[in-house]
Amino acid sequence: MIHVYTGDGKGKTTAAIGLAMRAVQSGRRVAIVYFDKGGDFYSERKMFEKRFADEIDFWACGRARFNPATDQFDFSVTDEDRWEAKRGLEIAREILERAEHDVLILDEINNILHQELVALADVLDLILPKPERIELVLTGRNARPEIMQAADLVTDMRNVKHYMDQGVAARAGIDY
């Protein structure tokens, strides 16, 4: 199946990671390609390396947009961002071709599509011919209608209230 977790609410990546944990517990191998999330401060990646190195493979593509020292995000778009997005697509394509994993999570791929860092046609060419046995999860805000149409499951996470709107900074282990 193809899952899409989208919307302006918190929890898209968290839901995908939860699915990864279920898959691992059921004996499945998981691959995660992080788009637009460079850097080494994401808590789940440290857990994957320490506790799930044999079950979860991951690749971080993109610049480090968040600076934990200042609690600031950099939302600019650069040539490096475009290159990293294309690199992520190539990694995902190789994962699907090798078919060694049971679950593939493409974290923030909807966002890189929205930012036009990659072409819609390239993403559709990646996801539509996927091997039937691989569960594919696409996360990120602003999922394109064509992506949602291709999906078997679409969850739209809606922001009702968020503590960051009251000035609470992103917190390690909770928000990243």
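A few points on the structure. (Residues numbered from 1 in each chain as written. Predicted model: local features only at pLDDT ≥ 70, side-chain atom pairs only at ≥ 80, totals over all residues. Heavy atoms only, no water.)

This part takes up the overall build of the protein. Across its full length, the protein holds 6 helices and 8 strands. Going residue by residue from the N terminus, the α and β elements of the protein occur as β-α-β-α-β-β-β-α-β-α-α-β-α-β. Over its C-alpha atoms the protein spans a radius of gyration of 15 Å, differing by no more than 12% from the 16 Å that the globule rule assigns to 176 residues. Principal-axis analysis of the C-alpha atoms gives the protein an extent of 45 × 35 × 30 Å. Taken over 176 residues, the protein has a buried fraction of 45%. Across the protein, every contact between residues at least 6 apart in sequence was considered, and the portion connecting residues at least 24 apart equals 77%. Accessible area of the protein: about 9400 Å², with a carbon and sulfur share of 48%. (Helix = DSSP H or I, 4+ residues; strand = E, 2+ residues; numbered from the N terminus. Rg over C-alpha atoms; globule rule 2.2 N^0.38 Å. Buried < 20%, exposed > 50% of the residue type's maximum accessible area, 1.4 Å probe, protein only. Contact = heavy atoms within 4.5 Å. Areas by Shrake-Rupley, 256 points an atom, 1.4 Å probe, with all protein chains shown as cover.)

Core analysis: the biggest nonpolar cluster contains 30 residues, and Val33, Leu104, Leu106, Ile127, Leu138 and Ile147 have the highest contact counts within it. Broken down by secondary-structure element, the contributors of at least two residues to this core are strand E1 (2–6), strand E2 (30–35), helix H3 (79–98), strand E6 (103–107), helix H4 (109–114), helix H5 (120–127) and strand E7 (135–139). Looking at which element gives the most residues to this core, the answer is H3, with 6 residues. (Core = buried A, V, L, I, M, F, W, Y, C linked by side-chain atoms within 4.5 Å.)

Attention now goes to the sheet that holds E7. Strand order in the open sheet made by the 6 strands is E3-E2-E6-E7-E1-E8, with parallel pairing throughout. Only two strands of the sheet have a single partner each, and these edge strands are strand E3 (56–61) and strand E8 (153–156). Mean inter-strand twist for the sheet, computed between neighbouring axes without regard to direction, equals 10°. Alignment of E2 against E3, held across 6 bridges, turns out to be parallel. Among the inter-strand pairings, Ala31 is bridged to a residue of E3, identified as Asp57. Of the strands in this sheet, E1, E2, E3, E6 and E7 touch helix H1 (residues 12–25), which is tilted by about 145° from E1. (Pairing = 2+ DSSP bridges. Axes fitted to C-alpha atoms, helices over the stretch in contact; angles between N-to-C directions.)

With that settled, consider the environment of Ala92. Tracing the backbone through its elements, the reader meets Ala92 in helix H3. For the pair Ala92 and Glu49, spaced 43 residues apart in sequence, the C-alpha to C-alpha distance is 19 Å. Beyond its immediate stretch of four places on either side in the chain, Ala92 contacts Val33, Leu104, Leu106 and Leu126.

Where H1 contacts helix H2 (residues 43–51), the two axes come as close as 12 Å, and the packing angle between them is 15°. In terms of orientation, H1 lies roughly parallel with respect to H2. For H1 against H2, the interelement crossing comes out left-handed. The residues of H2 that touch H1, namely those facing Thr13, Ile17 and Met21, are Glu44, Met47 and Phe48. (Parallel < 35°, antiparallel > 145°, perpendicular 65-115°, else oblique. Left-handed = near helix turned anticlockwise from the far one by under 90°.)

This next bit is on the environment of Thr139. Within the fold, Thr139 resides in strand E7. Separated by 134 residues in sequence, Thr139 and Tyr5 place their C-alpha atoms 4.8 Å apart. Engagement of the side chain of Thr139 in a polar contact is seen with the side chain of Asp107, the distance being 2.6 Å. (Polar contact = N/O pair within 3.5 Å; in protein donor to acceptor, adjacent residues only side chain to side chain.)

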